[in-house]
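Structural characterization, general
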Amino acid sequence: MVHLHARKRTGQHSLEIEDNLPLYEALKDKLGDSILVQLTTELSVNTVLRSSKR
């Protein structure tokens, strides 16, 4: 298993699918099912709970 943080061209951390998908696809193309990929979403339980109370 690998935990990844995608980055924008500027080097800043990115949660955008446009930045994460190429990284994910490149790893899966190279390693196939021999690796589990966990991308950072930074969505926490507290965020979900706060959102549901609105």
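Our subject in this report is the structure included herewith. (Residues numbered from 1 in each chain as written. Predicted model: local features only at pLDDT ≥ 70, side-chain atom pairs only at ≥ 80, totals over all residues. Heavy atoms only, no water.)

This brings us to the overall build of the protein. Helix and strand counts for the protein stand at two helices and two strands. If you list the helices and strands of the protein from N to C, you get β-α-β-α. Counting every position in the protein, which comprises 54 residues, the buried fraction comes to 15%. Taking all contacts inside the protein whose residues are at least 6 apart in sequence as the whole, residues at least 24 apart take part in 46%. (Helix = DSSP H or I, 4+ residues; strand = E, 2+ residues; numbered from the N terminus. Buried < 20%, exposed > 50% of the residue type's maximum accessible area, 1.4 Å probe, protein only. Contact = heavy atoms within 4.5 Å.)

Before going further, it helps to spend a moment on the side chain of Asn20. Secondary-structure assignment places Asn20 in helix H1 (residues 17-31). The class of Asn20 is buried, set by a relative accessible area of 4%. There is a polar contact of 2.9 Å between the side chain of Asn20 and the backbone oxygen of Glu16. With residues up to four places along the chain from it excluded, the contact list for Asn20 reads Ala6, Ser14, Leu15 and Leu39. (Polar contact = N/O pair within 3.5 Å; in protein donor to acceptor, adjacent residues only side chain to side chain.)

Here we take up the environment of Glu16. Relative to the helices and strands, Glu16 resides in the loop between strand E1 (2-4) and H1. When its relative accessible area of 42% is taken as the criterion, Glu16 is described as partly exposed. It is 8.5 Å that separates the C-alpha atoms of Glu16 and Ala6, two residues lying ten residues apart in sequence.

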